Amino acid sequence: MNTEEKKDIKSLTLPQLQEALEPFSEPAYRAKQLYEWMHRKLAADYDEMTNLPAAFREKCRETFCYTSLRAVRVQESAVDGTKKFLFALSDGNLVESVWMRYKHGNSVCISSQVGCRMGCRFCASALNGWERNLLPSEMLDQVYAITRLTGGRVSNVVVMGTGEPLDNYENLLRFIALLTDENGLHISQRNITVSTCGIVPGIRQLAEEKLQITLALSLHAATDEKRRRLMPIAERYSLDELMRACTYYFEKTGRRITFEYSLADGVNDTKEDVRELTALIKPLNCHVNLIPINPVKERDFRQSDRRAVEGFKNKLEKNGINVTIRREMGRDIDGACGQLRRSHMKERAE
Ligand code: SAH
(Lines give C-alpha, C1' and ligand atoms only; values in the text may rest on other atoms or scores of the structure.)
Protein backbone atom coordinates (compact mmCIF):
# COMPACT_ATOMS: atom_id res chain seq x y z
CA MET A 1 0.00 0.00 0.00
CA ASN A 2 1.51 3.33 -1.03
CA THR A 3 0.29 4.91 2.21
CA GLU A 4 3.05 2.98 3.96
CA GLU A 5 5.80 4.43 1.82
CA LYS A 6 4.77 8.05 2.22
CA LYS A 7 3.52 9.64 5.42
CA ASP A 8 -0.25 9.99 5.47
CA ILE A 9 -0.55 13.72 6.03
CA LYS A 10 -4.23 13.84 6.99
CA SER A 11 -3.70 11.41 9.86
CA LEU A 12 -1.19 13.69 11.62
CA THR A 13 -2.11 15.83 14.60
CA LEU A 14 -1.08 19.49 14.40
CA PRO A 15 2.09 18.97 16.51
CA GLN A 16 3.01 15.96 14.37
CA LEU A 17 2.45 17.97 11.22
CA GLN A 18 4.64 20.78 12.57
CA GLU A 19 7.38 18.25 13.16
CA ALA A 20 6.97 16.64 9.74
CA LEU A 21 7.31 20.06 8.08
CA GLU A 22 10.48 21.03 9.92
CA PRO A 23 12.83 20.01 7.08
CA PHE A 24 10.86 22.29 4.72
CA SER A 25 12.16 25.49 6.44
CA GLU A 26 8.80 27.18 6.08
CA PRO A 27 7.51 29.92 8.41
CA ALA A 28 6.09 28.61 11.68
CA TYR A 29 2.48 29.38 10.75
CA ARG A 30 2.59 27.16 7.65
CA ALA A 31 1.68 23.94 9.45
CA LYS A 32 -1.44 25.48 10.94
CA GLN A 33 -2.47 26.91 7.57
CA LEU A 34 -2.12 23.51 5.95
CA TYR A 35 -3.87 21.80 8.85
CA GLU A 36 -6.83 24.13 8.54
CA TRP A 37 -7.06 23.54 4.82
CA MET A 38 -7.31 19.82 5.48
CA HIS A 39 -9.43 19.69 8.62
CA ARG A 40 -11.50 22.84 8.65
CA LYS A 41 -11.91 23.87 5.01
CA LEU A 42 -11.91 20.19 4.02
CA ALA A 43 -9.83 20.62 0.88
CA ALA A 44 -10.08 17.62 -1.43
CA ASP A 45 -6.67 18.38 -2.94
CA TYR A 46 -3.62 20.64 -2.55
CA ASP A 47 -4.84 22.60 -5.59
CA GLU A 48 -7.55 24.17 -3.46
CA MET A 49 -5.06 25.61 -0.98
CA THR A 50 -4.69 28.79 -2.93
CA ASN A 51 -2.95 30.89 -0.27
CA LEU A 52 -0.09 28.41 0.09
CA PRO A 53 2.95 28.86 -2.18
CA ALA A 54 2.81 26.56 -5.20
CA ALA A 55 6.34 25.25 -4.54
CA PHE A 56 5.37 24.28 -0.99
CA ARG A 57 2.28 22.47 -2.19
CA GLU A 58 4.37 20.61 -4.73
CA LYS A 59 6.85 19.53 -2.07
CA CYS A 60 3.96 18.27 0.09
CA ARG A 61 2.59 16.32 -2.84
CA GLU A 62 5.94 14.59 -3.32
CA THR A 63 6.54 13.90 0.36
CA PHE A 64 3.14 12.84 1.69
CA CYS A 65 0.10 10.97 0.55
CA TYR A 66 -3.17 12.86 0.72
CA THR A 67 -6.31 10.86 1.49
CA SER A 68 -9.30 12.03 -0.48
CA LEU A 69 -12.19 9.65 -0.95
CA ARG A 70 -13.98 9.46 -4.26
CA ALA A 71 -17.72 8.76 -4.23
CA VAL A 72 -18.44 5.96 -6.68
CA ARG A 73 -22.10 5.66 -5.86
CA VAL A 74 -24.65 7.71 -3.95
CA GLN A 75 -28.13 6.47 -3.12
CA GLU A 76 -30.80 8.68 -1.65
CA SER A 77 -33.78 7.32 0.24
CA ALA A 78 -37.11 8.47 -1.13
CA VAL A 79 -38.58 7.86 2.31
CA ASP A 80 -36.46 9.94 4.67
CA GLY A 81 -33.69 11.65 2.70
CA THR A 82 -30.99 9.37 4.09
CA LYS A 83 -28.04 9.17 1.74
CA LYS A 84 -25.73 6.26 1.42
CA PHE A 85 -22.27 6.77 -0.07
CA LEU A 86 -19.93 4.19 -1.49
CA PHE A 87 -16.37 5.56 -1.46
CA ALA A 88 -13.27 4.32 -3.25
CA LEU A 89 -10.00 4.40 -1.30
CA SER A 90 -6.67 5.04 -3.00
CA ASP A 91 -5.95 1.30 -3.25
CA GLY A 92 -9.31 0.63 -4.92
CA ASN A 93 -11.00 -0.80 -1.83
CA LEU A 94 -14.54 0.35 -1.17
CA VAL A 95 -16.18 1.57 2.03
CA GLU A 96 -19.68 2.78 2.73
CA SER A 97 -20.98 5.59 4.89
CA VAL A 98 -24.44 6.94 5.62
CA TRP A 99 -25.75 10.47 6.05
CA MET A 100 -28.91 10.84 8.12
CA ARG A 101 -30.96 13.89 8.91
CA TYR A 102 -32.52 14.12 12.33
CA LYS A 103 -34.35 16.92 14.09
CA HIS A 104 -31.32 17.57 16.27
CA GLY A 105 -28.86 17.73 13.37
CA ASN A 106 -27.10 15.70 10.74
CA SER A 107 -25.49 12.44 11.61
CA VAL A 108 -22.88 10.46 9.69
CA CYS A 109 -22.30 6.75 10.14
CA ILE A 110 -18.80 5.71 9.14
CA SER A 111 -16.94 2.46 8.53
CA SER A 112 -13.78 1.63 10.49
CA GLN A 113 -12.39 -1.26 8.44
CA VAL A 114 -12.58 -2.67 4.93
CA GLY A 115 -14.72 -5.71 5.69
CA CYS A 116 -14.88 -7.21 9.15
CA ARG A 117 -13.54 -10.28 10.90
CA MET A 118 -16.11 -10.55 13.67
CA GLY A 119 -18.46 -12.75 11.65
CA CYS A 120 -21.81 -11.87 13.27
CA ARG A 121 -24.35 -14.20 11.70
CA PHE A 122 -26.95 -11.57 10.81
CA CYS A 123 -24.55 -8.99 9.36
CA ALA A 124 -23.72 -8.39 5.70
CA SER A 125 -20.31 -6.83 6.45
CA ALA A 126 -18.78 -10.12 7.45
CA LEU A 127 -19.80 -11.94 4.28
CA ASN A 128 -16.72 -10.93 2.31
CA GLY A 129 -14.31 -11.25 5.21
CA TRP A 130 -11.76 -8.72 6.40
CA GLU A 131 -9.43 -6.83 4.09
CA ARG A 132 -7.64 -4.18 6.16
CA ASN A 133 -7.94 -1.47 8.79
CA LEU A 134 -8.86 2.05 7.77
CA LEU A 135 -6.35 4.82 8.45
CA PRO A 136 -7.47 7.70 10.67
CA SER A 137 -7.59 9.89 7.54
CA GLU A 138 -9.82 7.36 5.77
CA MET A 139 -12.31 7.44 8.63
CA LEU A 140 -12.13 11.23 8.78
CA ASP A 141 -12.54 11.74 5.07
CA GLN A 142 -15.84 9.87 5.10
CA VAL A 143 -17.12 12.72 7.28
CA TYR A 144 -15.29 15.36 5.24
CA ALA A 145 -16.37 14.06 1.83
CA ILE A 146 -19.99 13.84 2.95
CA THR A 147 -19.81 17.38 4.29
CA ARG A 148 -18.39 18.53 0.95
CA LEU A 149 -20.98 16.63 -1.07
CA THR A 150 -24.09 17.48 0.94
CA GLY A 151 -23.10 20.99 1.98
CA GLY A 152 -24.61 20.26 5.39
CA ARG A 153 -22.92 20.53 8.78
CA VAL A 154 -22.32 17.23 10.51
CA SER A 155 -23.15 17.35 14.20
CA ASN A 156 -23.01 13.67 15.16
CA VAL A 157 -20.70 10.87 14.10
CA VAL A 158 -21.40 7.22 14.78
CA VAL A 159 -18.80 4.54 14.16
CA MET A 160 -21.38 1.89 13.27
CA GLY A 161 -20.66 1.11 9.65
CA THR A 162 -18.61 -1.80 8.40
CA GLY A 163 -15.85 -3.02 10.70
CA GLU A 164 -15.14 -3.42 14.38
CA PRO A 165 -13.69 -0.13 15.69
CA LEU A 166 -12.01 -1.70 18.72
CA ASP A 167 -10.22 -4.06 16.33
CA ASN A 168 -8.59 -0.90 14.88
CA TYR A 169 -7.95 0.77 18.20
CA GLU A 170 -5.03 3.16 17.64
CA ASN A 171 -6.43 4.52 14.38
CA LEU A 172 -9.84 4.97 15.99
CA LEU A 173 -8.34 7.05 18.78
CA ARG A 174 -6.39 9.24 16.38
CA PHE A 175 -9.56 9.69 14.32
CA ILE A 176 -11.45 10.86 17.42
CA ALA A 177 -8.62 13.22 18.37
CA LEU A 178 -8.63 14.82 14.91
CA LEU A 179 -12.42 15.00 14.63
CA THR A 180 -12.75 16.75 17.98
CA ASP A 181 -9.74 19.04 17.52
CA GLU A 182 -10.54 22.73 17.88
CA ASN A 183 -8.53 23.47 14.73
CA GLY A 184 -10.63 21.02 12.75
CA LEU A 185 -14.37 20.30 12.68
CA HIS A 186 -14.32 20.49 16.48
CA ILE A 187 -17.11 17.94 16.97
CA SER A 188 -17.86 17.38 20.61
CA GLN A 189 -16.87 14.01 22.09
CA ARG A 190 -20.41 13.73 23.39
CA ASN A 191 -21.64 13.70 19.81
CA ILE A 192 -19.55 10.67 18.90
CA THR A 193 -20.74 7.10 19.36
CA VAL A 194 -18.51 4.05 18.98
CA SER A 195 -20.26 0.72 18.57
CA THR A 196 -18.52 -2.53 19.47
CA CYS A 197 -19.48 -6.19 19.32
CA GLY A 198 -17.84 -6.53 22.73
CA ILE A 199 -14.06 -6.84 22.68
CA VAL A 200 -13.54 -6.81 26.44
CA PRO A 201 -9.87 -5.68 26.63
CA GLY A 202 -10.67 -2.89 24.14
CA ILE A 203 -13.57 -1.66 26.25
CA ARG A 204 -11.37 -1.59 29.34
CA GLN A 205 -8.59 0.22 27.49
CA LEU A 206 -11.07 2.75 26.12
CA ALA A 207 -12.40 3.34 29.64
CA GLU A 208 -8.90 4.40 30.67
CA GLU A 209 -8.86 7.12 28.00
CA LYS A 210 -11.70 8.79 29.92
CA LEU A 211 -13.31 10.16 26.78
CA GLN A 212 -16.82 11.58 26.82
CA ILE A 213 -17.93 9.58 23.80
CA THR A 214 -20.88 7.17 23.95
CA LEU A 215 -20.09 3.48 23.92
CA ALA A 216 -22.70 1.34 22.21
CA LEU A 217 -22.50 -2.36 22.92
CA SER A 218 -24.03 -4.79 20.45
CA LEU A 219 -25.66 -7.24 22.80
CA HIS A 220 -28.47 -8.93 20.81
CA ALA A 221 -28.88 -11.78 23.31
CA ALA A 222 -28.94 -12.06 27.08
CA THR A 223 -27.54 -15.54 27.60
CA ASP A 224 -24.09 -16.80 26.62
CA GLU A 225 -25.58 -19.74 24.78
CA LYS A 226 -27.85 -17.63 22.59
CA ARG A 227 -25.27 -14.93 22.03
CA ARG A 228 -22.76 -17.51 20.84
CA ARG A 229 -25.20 -18.59 18.17
CA LEU A 230 -25.44 -15.03 16.86
CA MET A 231 -21.96 -13.63 17.44
CA PRO A 232 -18.68 -15.56 17.36
CA ILE A 233 -17.09 -12.95 19.68
CA ALA A 234 -19.25 -14.42 22.46
CA GLU A 235 -17.05 -17.53 22.35
CA ARG A 236 -14.13 -15.37 23.47
CA TYR A 237 -15.78 -13.28 26.19
CA SER A 238 -18.62 -14.29 28.46
CA LEU A 239 -21.52 -11.98 29.24
CA ASP A 240 -20.27 -11.84 32.79
CA GLU A 241 -16.88 -10.46 31.66
CA LEU A 242 -18.63 -8.13 29.22
CA MET A 243 -20.97 -6.68 31.84
CA ARG A 244 -18.06 -6.13 34.20
CA ALA A 245 -16.20 -4.26 31.46
CA CYS A 246 -19.30 -2.11 30.80
CA THR A 247 -19.63 -1.31 34.50
CA TYR A 248 -15.95 -0.36 34.52
CA TYR A 249 -16.47 1.89 31.49
CA PHE A 250 -19.29 3.69 33.29
CA GLU A 251 -17.27 4.04 36.49
CA LYS A 252 -14.30 5.53 34.67
CA THR A 253 -16.14 7.85 32.30
CA GLY A 254 -19.53 8.52 33.89
CA ARG A 255 -21.05 7.79 30.49
CA ARG A 256 -24.14 5.62 30.30
CA ILE A 257 -23.77 2.59 28.03
CA THR A 258 -26.15 2.03 25.13
CA PHE A 259 -27.04 -1.60 24.51
CA GLU A 260 -28.02 -2.38 20.95
CA TYR A 261 -30.44 -5.22 20.59
CA SER A 262 -31.53 -6.26 17.09
CA LEU A 263 -34.76 -8.20 17.16
CA ALA A 264 -35.11 -11.30 15.01
CA ASP A 265 -38.43 -13.06 14.84
CA GLY A 266 -38.57 -16.03 17.22
CA VAL A 267 -34.82 -15.83 17.91
CA ASN A 268 -34.39 -13.22 20.63
CA ASP A 269 -37.78 -11.49 20.93
CA THR A 270 -39.71 -13.72 23.35
CA LYS A 271 -40.99 -13.04 26.89
CA GLU A 272 -38.17 -15.17 28.20
CA ASP A 273 -35.68 -12.92 26.38
CA VAL A 274 -37.18 -9.85 28.04
CA ARG A 275 -36.82 -11.48 31.44
CA GLU A 276 -33.22 -12.52 30.85
CA LEU A 277 -32.26 -9.18 29.36
CA THR A 278 -33.76 -7.31 32.30
CA ALA A 279 -31.89 -9.45 34.81
CA LEU A 280 -28.63 -8.96 32.91
CA ILE A 281 -28.62 -5.19 32.48
CA LYS A 282 -30.81 -3.91 35.30
CA PRO A 283 -27.83 -3.36 37.62
CA LEU A 284 -26.17 -1.08 35.05
CA ASN A 285 -26.78 2.54 34.26
CA CYS A 286 -27.78 2.00 30.66
CA HIS A 287 -30.12 2.52 27.79
CA VAL A 288 -31.42 -0.03 25.29
CA ASN A 289 -31.77 0.67 21.61
CA LEU A 290 -34.04 -1.86 19.90
CA ILE A 291 -33.45 -2.40 16.19
CA PRO A 292 -35.82 -4.51 14.11
CA ILE A 293 -33.26 -6.74 12.41
CA ASN A 294 -32.56 -5.71 8.86
CA PRO A 295 -32.99 -8.85 6.76
CA VAL A 296 -29.91 -9.60 4.68
CA LYS A 297 -30.46 -11.78 1.62
CA GLU A 298 -27.69 -14.22 2.47
CA ARG A 299 -28.79 -14.59 6.10
CA ASP A 300 -31.94 -16.36 7.20
CA PHE A 301 -33.21 -14.04 9.91
CA ARG A 302 -36.64 -12.51 9.74
CA GLN A 303 -37.53 -9.18 11.30
CA SER A 304 -39.76 -9.21 14.37
CA ASP A 305 -43.04 -7.59 13.41
CA ARG A 306 -44.03 -4.15 14.65
CA ARG A 307 -46.24 -5.56 17.41
CA ALA A 308 -43.50 -7.81 18.73
CA VAL A 309 -41.05 -4.90 18.79
CA GLU A 310 -43.55 -2.64 20.62
CA GLY A 311 -44.37 -5.46 23.02
CA PHE A 312 -40.69 -6.06 23.75
CA LYS A 313 -40.21 -2.37 24.42
CA ASN A 314 -43.23 -2.07 26.71
CA LYS A 315 -42.22 -5.07 28.78
CA LEU A 316 -38.69 -3.74 29.22
CA GLU A 317 -40.10 -0.37 30.26
CA LYS A 318 -42.36 -2.02 32.81
CA ASN A 319 -39.23 -3.61 34.21
CA GLY A 320 -37.73 -0.17 34.66
CA ILE A 321 -35.34 -0.26 31.69
CA ASN A 322 -34.73 2.84 29.61
CA VAL A 323 -35.50 1.92 25.99
CA THR A 324 -35.99 3.39 22.53
CA ILE A 325 -36.77 1.85 19.16
CA ARG A 326 -34.26 2.86 16.52
CA ARG A 327 -35.92 4.49 13.55
CA GLU A 328 -35.08 2.52 10.48
CA MET A 329 -33.38 4.91 8.12
CA GLY A 330 -32.87 4.29 4.45
CA ARG A 331 -34.40 0.85 4.40
CA ASP A 332 -35.13 1.30 0.69
CA ILE A 333 -31.44 1.86 -0.10
CA ASP A 334 -29.65 -1.15 1.35
CA GLY A 335 -29.53 0.48 4.78
CA ALA A 336 -27.98 -2.42 6.70
CA CYS A 337 -24.24 -2.60 7.33
CA GLY A 338 -22.25 -3.75 4.37
CA GLN A 339 -25.16 -4.22 2.02
CA LEU A 340 -24.37 -1.48 -0.48
CA ARG A 341 -20.72 -2.42 -0.81
CA ARG A 342 -21.66 -6.05 -1.21
CA SER A 343 -24.29 -5.46 -3.88
CA HIS A 344 -21.88 -3.20 -5.79
CA MET A 345 -19.10 -5.79 -5.65
CA LYS A 346 -21.46 -8.50 -6.83
CA GLU A 347 -22.65 -6.43 -9.77
CA ARG A 348 -19.07 -5.80 -10.83
CA ALA A 349 -18.20 -9.46 -10.56
CA GLU A 350 -21.10 -10.46 -12.81
N1 SAH B 1 -18.69 -3.90 14.78
C2 SAH B 1 -19.45 -2.94 15.51
C3 SAH B 1 -20.02 -1.82 14.68
C4 SAH B 1 -20.64 -2.14 13.36
S5 SAH B 1 -22.21 -2.88 13.31
C6 SAH B 1 -20.53 -3.64 16.31
O7 SAH B 1 -20.66 -4.85 16.20
O8 SAH B 1 -21.20 -2.98 17.10
C9 SAH B 1 -23.37 -1.71 13.91
C10 SAH B 1 -24.60 -2.33 14.56
O11 SAH B 1 -25.47 -2.91 13.57
C12 SAH B 1 -24.27 -3.47 15.51
O13 SAH B 1 -25.10 -3.38 16.64
C14 SAH B 1 -24.61 -4.69 14.68
O15 SAH B 1 -24.79 -5.82 15.48
C16 SAH B 1 -25.84 -4.22 13.96
N17 SAH B 1 -26.21 -4.96 12.77
C18 SAH B 1 -25.44 -5.54 11.84
N19 SAH B 1 -26.17 -6.14 10.88
C20 SAH B 1 -27.45 -5.91 11.21
C21 SAH B 1 -28.68 -6.29 10.61
N22 SAH B 1 -28.73 -7.00 9.50
N23 SAH B 1 -29.82 -5.88 11.23
C24 SAH B 1 -29.78 -5.15 12.37
N25 SAH B 1 -28.65 -4.78 12.98
C26 SAH B 1 -27.50 -5.17 12.41
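Let us look at the structure shown here. Note that the structure is predicted; figures quoted are calculated from it, not measured.

### A word on the environment of Lys-6
Then step 1. Topologically, Lys-6 is positioned in the loop between helix 1 (2–5) and strand 1 (7–8).
Then step 2. Lys-6 gets classed as partly exposed once you look at its relative accessible area, which sits at 34%.
Then step 3. Separated by 143 residues in sequence, Lys-6 and Leu-149 place their C-alpha atoms 27 Å apart.
Then step 4. Dropping the residues within four chain positions of it, Lys-6 is found in contact with Arg-61, Glu-62, Thr-63, Phe-64 and Cys-65.
Then step 5. There is a polar contact of 3.3 Å between the side chain of Lys-6 and the backbone oxygen of Glu-62.

### Thoughts on the nonpolar core
Then step 1. Counting residues in each nonpolar core, the largest one holds 101 residues, and the members touching the most others are Leu-34, Phe-175, Phe-259 and Ile-281.
Then step 2. Discounting residues that sit within four places of it in the chain, Phe-259 has contacts with Leu-217, Leu-219, Met-243, Cys-246, Ile-281, Leu-284, Cys-286, His-287, Val-288 and Asn-289.

### Quick look at the sheet that holds strand 9 (residues 154–159)
To summarise the sheet geometry, strands pair through backbone hydrogen bonds and adopt either a parallel or an antiparallel arrangement.
Then step 1. The strand order 3-4-5-6-9-10-11-12-13-14 describes an open sheet built from 10 strands, whose pairing is mixed. Looking at which strands have only one partner, the edges of the open sheet turn out to be strand 3 (70–76) and strand 14 (323–325). Averaged over neighbouring strand pairs, the angle between their axes works out to 25° when direction is ignored.
Then step 2. Here 3 bridges tie strand 9 to strand 10 (residues 192–196), and the two strands are oriented parallel to one another. Residue pairing for strand 10: Val-159 is matched across the bridge by Val-194.
Then step 3. Where helix 12 (residues 306–318) meets the sheet, it contacts strand 12 (257–263), strand 13 (286–292) and strand 14, and its direction lies at approximately 165° from that of strand 14.

### As for the packing of aromatic side chains
Then step 1. In this structure the tally under the stated criterion is 5 aromatic pairs.
Then step 2. Here Phe-24 and Phe-64 contribute two aromatic rings whose centre-to-centre distance is 6.1 Å and whose plane-to-plane angle is 25°, an arrangement assigned as stacked. Residue Phe-24 is found in the loop between helix 2 (14–20) and helix 3 (30–39), and its partner Phe-64 is found in strand 2 (residues 64–65); the two are separated by 40 residues along the sequence. Just as Phe-24 is buried, Phe-64 falls in that class too.
Then step 3. Relative to Phe-87, the ring of Phe-85 has its centre 5.7 Å away and its plane inclined at 0°; by these criteria the two rings are stacked.

Quick notes on the rules
Residues numbered from 1 in each chain as written. Predicted model: local features only at pLDDT ≥ 70, side-chain atom pairs only at ≥ 80, totals over all residues. Heavy atoms only, no water. Helix = DSSP H or I, 4+ residues; strand = E, 2+ residues; numbered from the N terminus. Buried < 20%, exposed > 50% of the residue type's maximum accessible area, 1.4 Å probe, protein only. Contact = heavy atoms within 4.5 Å. Polar contact = N/O pair within 3.5 Å; in protein donor to acceptor, adjacent residues only side chain to side chain. Core = buried A, V, L, I, M, F, W, Y, C linked by side-chain atoms within 4.5 Å. Pairing = 2+ DSSP bridges. Axes fitted to C-alpha atoms, helices over the stretch in contact; angles between N-to-C directions. Phe/Tyr/Trp six-rings, centres within 6.5 Å; stacked < 30°, edge-to-face > 60°.

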